[in-house]
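Take a look at the letters that make up each chain.
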Amino acid sequence: MTHFTPSRRQFLQMLAYGGATTMLGAYPGVSYSAKTDTLTVRFDREMESLDPGYYVGGHPPNDVNWCIMPALVHYGYKDGRAVWVPSPYVEKVVVTDSTHIDFTLKPGLKWSGGFGEVTAEDVAYSYDRMAQSEWKGDFVAYERVDIKDRHSGTIVLNQPFSPFMTATLASGTGIITCKQAMEKAGDRYTIDVPATCGPYVHEHKQAQYVRMRPNPDWTGPKPAFKNIDCVFVTQDEAGALAYEAGELDCAKITSNAYARYQKKLPPNSKLTVAGALQYMWLGLNTEHPKLKDIRVRRAIQHAVDQNAIIQGAYSGTAEPSYGVVCPGLVGKRDKAGYSYDPAKARALLKEAGVSGLKLSLRTLNSQERILAAQIIQANLGQVGITVEVIPLDSGPFWEMGQESKGDTWKDLQLWIMRYGSGPDPYEPVQWFVRDQVGVWNWERWSSDEFEKLYAEGIAETDPEKRHRIYIRMQEIMEDTAGYVWLTHEPEVFIHRADVDARFAPSGEMLLTYFKPA
């Protein structure tokens, strides 16, 4: 853990020099985009795990899994809207009614390591396992798989659930694992996948690269790019520098780079906004002794200047957030129940009898988050709260609120958090139910009304009724004063104009579907 106190100017100077130095060197073992059969892309963080039941998720783990692991369906687009499409692993997938999905796998698809064919038994094992995992919220409507024969079966839901195909099966948690290999490995893994099956095999070198190479046993359709080199470039501005230097064909970029490229793009380049299915907030531990008084937490809500963060940390490119439901989805709020009001914040602190309060604020060690943290630090300083900003690498950051990973959660006070969502409002709210306390609900509250509405939202099909349910759930969250809503960040990529880039609605790269334009 490192402690951060430099000024904004000092930080930008360090980033500029560090980024330029990093990107002028070559990456060992990686072939760059001079070869037309090799696609080179940026990964912006290391992968703690590829296990869909126990990983952080999002980019880059899903990017890798979709290249090396089976799934029944993948994301596609129709008229600009995310839809599910049958994957290359199936002969057919048919939604027969609101609670039954029939599937037939293609025969002859082989697991690595001599574990034989991908079978319907693997599908049943995988989904049964997911329904008991940390990501069980994605499988809340899942009941079982009825196996018909070696390659076919029926997924049975316990209730109608319209986003099951897109938000569950097409997402990263819908991948299929090898039952025999998993049982041999103890039913859990991190980076070393017990068995894979896909168009690529992969090689991972910590903090340097993931290399995708053709799977000699793959009998399905061949991707357009023979090789994919995924380079870890964790410094935000360095990603844009690497792209401009010709070392990347596709790179996720910061809001600053996005604003700059909107004015002038590098030659032979395109920008793609993959979506804004991200929601960022300042989290407050409602159980911490310094924050147990709700008046203190409400004071912090009123003290943070959301607009200053959007302008100062995101160059005005991020959309303001008023909850966890993202733009374009049922249940999206258009305002918060509090406002930026430093005078009210000071009055609440006085009413609570609190003065000289000192808090720590943890954040991922990235440019935009650090700048946002500094603005929050200044905001809270104006109302008499001293804040220490603690930047963390991705490993310790994603573990800090999980009780199973150590004792850091006991002293967790403030943090900047961002989650990604799928194309349905149930997905973001699932992380704040009661049994997620100490897992992903780091604010550590629970509500009987919230639990009831969560179940109702899953079963409800009427859009207006669903809208009211999810609006109310976000009001409950806000009323705990455990949240200060910040932004919906756009997921923006720059890529070569001669590369047809494809993305999931939540911003991951669908690498097997990339092709020359």
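The paragraphs below set out a description of the structure included in this document. (Residues numbered from 1 in each chain as written. Predicted model: local features only at pLDDT ≥ 70, side-chain atom pairs only at ≥ 80, totals over all residues. Heavy atoms only, no water.)

## So, the overall build of the protein chain
Here comes step 1: Along the backbone of the protein chain there are 15 helices and 21 strands.
Here comes step 2: A compact globule built from 517 residues should have a C-alpha radius of gyration of about 24 Å, and the protein chain, at 23 Å, falls within 12% of that.
Here comes step 3: If you line up the protein chain on its principal axes, its C-alpha atoms span 70 × 55 × 45 Å.
Here comes step 4: The buried share of the protein chain, reckoned over its 517 residues, is 59%.
Here comes step 5: Contacts in the protein chain between residues at least 24 apart in sequence constitute 70% of all its contacts with a sequence separation of at least 6. (Helix = DSSP H or I, 4+ residues; strand = E, 2+ residues; numbered from the N terminus. Rg over C-alpha atoms; globule rule 2.2 N^0.38 Å. Buried < 20%, exposed > 50% of the residue type's maximum accessible area, 1.4 Å probe, protein only. Contact = heavy atoms within 4.5 Å.)

## A closer look at unusual backbone geometry
Here comes step 1: Residue H59 is joined to P60 through a cis peptide bond whose omega torsion reads 10°.
Here comes step 2: By secondary structure assignment, the location of P60 is in the loop between β1 (38-43) and α2 (61-68).
Here comes step 3: In this structure, D187 takes a positive phi of about 70° despite not being glycine.
Here comes step 4: Looking at the element boundaries, D187 is found in the loop between α5 (179-184) and β8 (200-205).

## Structural notes on the sheet that holds strand β4 (residues 90-97)
Here comes step 1: What the four strands build is an open sheet, ordered β4-β5-β7-β6; its pairing is antiparallel. Unpaired on one side and paired on the other, β4 and β6 (142-147) mark the two borders of the sheet. Pairs of neighbouring strands in the sheet enclose a mean axial angle of 20°, with direction left out of account.
Here comes step 2: Examined bridge by bridge, β4 and strand β5 (residues 100-105) share six bridges and lie antiparallel to one another. Among the inter-strand pairings, V93 is bridged to a residue of β5, identified as F103.
Here comes step 3: On the sheet, helix α3 (residues 120-130) packs against β5, β6 and β7 (152-157) and is oriented at approximately 165° with respect to β6. (Pairing = 2+ DSSP bridges. Axes fitted to C-alpha atoms, helices over the stretch in contact; angles between N-to-C directions.)

## Focus: the packing of helix α8 (residues 294-303) against helix α10 (residues 342-351)
Here comes step 1: Between α8 and α10, whose axes approach to 8 Å, the crossing angle comes to 165°. Put simply, α8 runs roughly antiparallel to α10. Seen from above, α8 lies across α10 with left-handed handedness. Each of R295, V296, R298, A299, H302 and A303 in α8 lies in contact with α10, whose residues at this interface are P342, K344, A345, L348, L349 and E351. (Parallel < 35°, antiparallel > 145°, perpendicular 65-115°, else oblique. Left-handed = near helix turned anticlockwise from the far one by under 90°.)

## Describing the environment of V499
Here comes step 1: Secondary-structure assignment places V499 in strand β20 (residues 499-500).
Here comes step 2: Sequence separation of V499 and W431 is 68 residues, and the distance between their C-alpha atoms is 36 Å.
Here comes step 3: Filtering out sequence-adjacent residues up to four positions away, V499 remains in contact with L39, F225, F514, K515 and A517.

## Quick look at the environment of V83
Here comes step 1: Position of V83 relative to the elements: it lies in strand β3 (residues 81-86).
Here comes step 2: Judged by relative accessible area, which is 15%, V83 ranks as buried.
Here comes step 3: Distance from V83 to P505, taken between C-alpha atoms, is 9.6 Å for residues 422 residues apart in sequence.
Here comes step 4: In contact with V83, other than residues within four places in its own chain, are H74, Y75, G76, Y77, K78 and T166.

## Overview of the packing of aromatic side chains
Here comes step 1: Scanning the model with the defined rule gives 27 aromatic pairs in all.
Here comes step 2: Judged by centre distance (4.7 Å) and plane angle (85°), the ring pair of F161 and Y426 falls under edge-to-face. Of the two residues, F161 sits in the loop between β7 and α4 (164-169) while Y426 sits in helix α13 (residues 426-429), which places them 265 residues apart along the sequence. You'll find F161 and Y426 in the same group, each marked buried.
Here comes step 3: By way of ring pairs, the aromatic residues Y279, W281, F397, W398, W415, Y419, F432, W440, W442, Y483 and W485 are connected into one cluster.
Here comes step 4: The ring of Y54 carries R188 above its face, with NZ or CZ at 3.5 Å from the centroid.
Here comes step 5: Residue placement shows R496 over the ring face of Y243; its charged tip is 4.0 Å from the ring centre. (Phe/Tyr/Trp six-rings, centres within 6.5 Å; stacked < 30°, edge-to-face > 60°. Lys NZ or Arg CZ within 6 Å of the ring centre and 35° of its normal.)

## Details of the pattern of salt bridges
Here comes step 1: Across all of its chains, the model carries 29 salt bridges by this definition.
Here comes step 2: The partner of K252 in a salt bridge is D44, with the nearest N and O atoms 3.2 Å apart. One end of the pair, K252, is in strand β11 (residues 250-253); the other, D44, is in the loop between β1 and α2, with 208 residues separating them in the sequence. One exposure class covers both K252 and D44, and it is buried.
Here comes step 3: With a closest N to O distance of 2.8 Å, E491 and R418 form a salt bridge. Remark: R418 occurs in strand β17 (residues 414-420) and E491 occurs in strand β19 (residues 491-496); sequence separation between them is 73 residues. A single burial state applies to E491 and to R418, both of which are buried.
Here comes step 4: Within this structure, D44, K252, R418, E489 and E491 form a network of salt bridges that share partners. (Salt bridge = Lys/Arg side-chain N within 4 Å of Asp/Glu carboxyl O.)

## Observations concerning helix α15 (residues 463-479)
Here comes step 1: Taking 1.5 Å per residue, 17 residues should reach 24 Å; α15 reaches 24 Å between its end C-alpha atoms and fits that length.
Here comes step 2: For α15, every residue scored as buried is listed here: R466, I469, Y470, I471, M473, Q474, I476, M477 and E478.
Here comes step 3: Close packing links the buried residues of α15 with α8, α13, α14 (448-459) and β18 (483-488).
Here comes step 4: Among the residues of α15, the N-terminal cap falls to D462, whose side-chain oxygen and the backbone nitrogen of E464 are separated by 3.1 Å.
Here comes step 5: The first or second residue beyond α15 is A481, which carries a positive phi of 60°. (Expected span 1.5 Å × (residues − 1). Polar contact = N/O pair within 3.5 Å; in protein donor to acceptor, adjacent residues only side chain to side chain.)

## A short note on the side chain of T512
Here comes step 1: Within the secondary structure, T512 sits in the loop between β20 and β21 (515-516).
Here comes step 2: Once you skip the residues sitting within four places of it in the chain, T512 turns out to touch W66, C67, P199, Y200 and P223.

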